[in-house]
Amino acid sequence: DALLDHPQLDPIQRETSGDHWTLLLDDPAFAVMRARPDHTLSLQPRHRFCTLTVLAGQGHLAQGDTTLPLVPGDTALVLAEVSIEGDGLDLLAIQPTN
């Protein structure tokens, strides 16, 4: 029922760039961003956390000396700034907005 109470949003078509995150949706509850990096890209949670999902490609997420391999289907909970790099990555990040 809650979904039915939410006003319908028109689809947004946006091209993604290799040098930054592209905002796809900025809702009062959360924001959805997408990136297709062609070099090292950083991700900083706006508030407490964000999630990072790998749609395609492979690479790794790093924070300090710690790295996590990334492959399609992986989802990571990000609590602090991380760097991401790899080949053919297509990424989706979701962050709470408050």
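Everything that follows concerns the structure shown earlier in this document.
In this text the structure is predicted, and so the values were computed from the model without any measurement.

Criteria and cut-off values
Within each chain, residue numbers correspond to sequence positions counted from 1 in written order. Whole-chain, interface and lining totals are the exception, using all residues; otherwise, since this is a predicted model, local features are given only for residues with pLDDT of at least 70 and side-chain atom pairs are given and counted only at 80 or more. Think of the side-chain values as coming from all heavy atoms in the structure, minus any hydrogens and water. Counting from the N terminus, the helices are the DSSP runs of H or I reaching at least four residues and the strands are the DSSP runs of E reaching at least two. Residue exposure (1.4 Å probe, protein chains only): buried if accessible area is under 20% of the type maximum, exposed if over 50%, otherwise partly exposed. By the convention used here, residues are in contact when the closest approach between their heavy atoms is within 4.5 Å. By the criterion applied in these results, polar contacts are pairs of N or O atoms within 3.5 Å in which, for protein atoms, one can donate a hydrogen and the other can accept it, and in which residues neighboring in sequence qualify only through two side-chain atoms. Only buried Ala, Val, Leu, Ile, Met, Phe, Trp, Tyr and Cys residues count toward a nonpolar core, and they belong to the same one when joined by side-chain atoms within 4.5 Å.

1. Brief notes about the environment of Gln95
Then, number 1: Checked against the element boundaries, Gln95 lands in strand β7 (residues 82-96).
Then, number 2: Owing to a relative accessible area of 3%, Gln95 belongs among the buried residues under this scheme.
Then, number 3: Residue contacts for Gln95: discarding those within four places in its chain leaves Ala29, Phe30, Ala31, Met33, Leu43, Gln44, Pro45, Arg46, His47, Phe49 and Cys50.
Then, number 4: Here the side chain of Gln95 touches Arg46 through a polar contact of 2.5 Å, landing on its backbone nitrogen.

2. Considering the nonpolar core
Then, number 1: In terms of nonpolar packing, the biggest core is built from 17 residues, with Trp21, Leu43, Leu52, Leu61, Val78, Ile84 and Leu91 touching the most fellow members.
Then, number 2: Per-element accounting of this core gives the leading share, five residues, to β7.

The values reported here are purely geometric and, on their own, carry no functional implication.
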